[in-house]
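# Residue-level structural notes
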Amino acid sequence: MSQILINRYFPTTRLRRLRQNETLRLLTQENTLSANDLIQPLFICDGKKQKIAIPSMPDIYRYSLDNALKYIEKLVENGINTIALFPAIEADKKNPLATEALNPQGLVPEALQIIKKHFPDIMIIADIALDPYTSHGQDGLVNEAGYILNDETVEVLREQALLLAQSGADIVAPSDMMDGRVGAIRGILEENNLVNTLILSYSAKYASSFYGPFRDAVGSKSMLGKSDKKNYQMNPANSDEALHEVYLDLQEGADIVMVKPATLYMDIIRRIHETYHVPTFAYHVSGEYSMLKSAVAQGWLDEKSCVLETLLGLKRAGSSAILTYYALNASQWLKQL
Ligand code: PBG
């Protein structure tokens, strides 16, 4: 900034003039948050009348499909029109090859059909990855040495994407971080004339320690044991690499890209947004949710204001939408403002 401008700053310019009342603050507000920006992740399980608590994620439950429908009704009433489905698969249906992922009568295909029948206008995101279905808890197939096989896994993922798109998913979301999976999925969708199915790619998905509560929720943590996902998820130290991942996913046919986790990676969201100008979603993950919940439970943080500040911060960073376990609560709080 030039010397002349600096000299003219004070008292000619007093930025507090713009902050003196709520009307002025709103007139000059640069970013906003609304229910339109929010996506609710939803854990589903087999059975009837099930609503199973997840101890590491207070107020989040696994729902059987009958109860999931009631929950979705509440979402719609509050202006949340997009959900992301995650299945908790019974342990006896898991195996090393994740064969249950391709079962047309499986939990997710059934959920997609039922939800679409009751709520045709809801946008449903179906996760593409094998971890809910593998007995080892990894997102892909493994060899004898425990290495996650890339191309073999992509073969299964494209079949999974086709099945879920045919079952009613509007958006398929590969969260596995295999190389080349977006192109493979786009290819099979085109071959099957599913030209309007969107691909939301978890492009910059970091090997984060903040996914622990989610792994409790889908039951993959005990399966995973001491293993990690560092040979496919990104190194938290890297930023340029995220741009490279996004570049490739866009070339391969992604419609929307995503950064995960969200709040620790706001710099990545901003760089992607400024570099590519494409819809960029943020996944406010389970650990980020549980951190807030636990501080709130202690009485150390005010839940409503801290959550809304977090989500607005993600908008300011450049997110076009946010997956958050707080979507329903936030939409209710936003109505009260
Ligand atoms: C796995 C998947 C994970 C999440 C979404 N999809 C966990 C993982 O990579 O182990 C995490 C979401 C969260 O923590 O809220 N395909």
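Numbering of residues starts from 1 in every chain and runs along the sequence as written. pLDDT decides what is reported in this predicted model: residues at 70 or higher carry local features, side-chain atom pairs at 80 or more are listed and counted, and totals for whole chains, interfaces and linings draw on all residues regardless. Excluded from the side-chain calculation are hydrogens and water; included are all heavy atoms of the structure.

As a further point, take the site of the ligand. Here a residue is considered near a molecule or strand provided that any single heavy atom belonging to it is located within 4 Å of it. In the vicinity of the ligand, 17 residues are found, and the nearest of them are R215, K229, K260, S286 and Y325. Side-chain polar atom of R215 to an oxygen atom of the ligand: 2.6 Å apart, as the coordinates give it. We define a polar contact as two N or O atoms separated by no more than 3.5 Å, with the added condition that, inside protein, one atom must be a possible hydrogen donor and the other a possible acceptor, whereas residues neighbouring each other in sequence contribute only through side-chain atom pairs. The side chain of S286 places a nitrogen or oxygen atom 2.7 Å from an oxygen atom of the ligand. Cavities and pockets are defined on a 1 Å grid built over the protein atoms alone: a cavity is a set of grid points where a 1.4 Å probe fits but cannot escape, while a pocket is an open set with protein on both sides within 12 Å along at least five of seven lines, and lining residues are those with an atom within 4 Å of any such point. To qualify as sitting in a cavity or pocket, a molecule needs more than half of its atoms within 2 Å of the grid points. A molecule is said to occupy a pocket when more than half its atoms come within 2 Å of that pocket's grid points, and by this definition the ligand occupies the largest cavity.

Moving on: the packing of aromatic side chains. Between rings of Phe, Tyr and Trp, where Trp is taken as its six-membered ring, a pair exists when centres lie within 6.5 Å; planes separated by under 30 degrees are stacked, by over 60 edge-to-face, and by other angles tilted. Using the criterion set out here, one finds 13 aromatic pairs in the structure. Considering the side-chain rings of F86 and Y283, the 6.4 Å spacing of their centres and the 40 degrees angle between planes classify their relative orientation as tilted. Here the residue F86 occupies a position in strand β4 (residues 82–87), and Y283 occupies one in strand β9 (residues 280–284), the gap between them amounting to 197 residues. A 1.4 Å probe rolled over the protein chains alone gives each residue an accessible area, and that area as a share of the maximum for its type sets the label: buried under 20%, exposed over 50%, partly exposed in between. Judged by relative accessible area, Y283 falls into the buried class, the value being 1%. With 4.7 Å between their ring centres and 50 degrees between their planes, Y289 and Y326 make a pair best called tilted. On the criterion of sequence distance, the pair formed by Y289 in helix α11 (residues 286–297) and Y326 in the loop between β10 (321–324) and α13 (327–336) is long-range, its members being 37 residues apart. Judged by its relative accessible area of 1%, Y289 falls in the buried class. Note on criteria: charge over ring means Lys NZ or Arg CZ within 6 Å of the ring centre, with the direction from the centre no more than 35 degrees off the ring normal. Above the plane of the ring of F214 lies K260, whose end atom (NZ or CZ) is 5.9 Å from the centre. Its end group placed over the ring of Y283, K260 keeps NZ or CZ at 4.8 Å from the ring centre. The numbering of helices and of strands both runs from the N terminus, where a helix is a DSSP run of H or I of at least 4 residues and a strand a run of E of at least 2.

In this analysis, a patch consists of residues with relative accessible area above 30% that form no salt bridge, clustered at 9 Å for like charges and at 5 Å for the nonpolar side chains Val, Leu, Ile, Met, Phe, Trp and Tyr. Each accessible area value is a Shrake-Rupley result obtained with a 1.4 Å probe; residue values ignore everything except the protein chains displayed when judging cover. Whenever Lys or Arg places a side-chain nitrogen within 4 Å of a carboxyl oxygen from Asp or Glu, that contact is recorded as a salt bridge. Charge assignment: positive for Lys and Arg, negative for Asp and Glu; neither His nor the chain ends contribute. All charge positions are set by atom: Lys at NZ, Arg at CZ, Asp at CG, Glu at CD. A surface patch of like charges, here positive, comprises R14, R16, R17 and R19. Residue position: R16 is located in the loop between α1 (3–9) and α2 (22–27). For R16, a relative accessible area of 68% puts it in the exposed group.

Let's shift gears to the layout of surface pockets. Over the atoms rolls a probe the size of a water molecule, and its path tells where empty space is left. Grid points are joined across faces, edges and corners, and a volume is the space filled by probe spheres set on the points. By volume, the largest pocket amounts to about 460 Å³. Contributing to the lining of the largest pocket are 15 residues, with Q29, N31, L308, E309 and L312 lying nearest its centre. Here the lining of the largest pocket takes six residues from helix α12 (residues 303–317), the largest share from any one element. Put simply, Ala, Val, Leu, Ile, Met, Phe, Trp, Tyr, Cys and Pro go in the nonpolar bin, Asp, Glu, Lys and Arg in the charged bin, and everything else, Gly too, in the polar bin. Each residue belonging to the lining of the largest pocket can be placed in one class, and the counts come to six nonpolar, four polar and five charged. Empty space within the second largest pocket amounts to approximately 290 Å³. Broken down by secondary-structure element, the contributors of at least two residues to the lining of the second largest pocket are β1 (38–45), β3 (61–64), α3 (65–77) and α13. Looking at the lining of the second largest pocket, its residues break down into 10 nonpolar, four polar and four charged.

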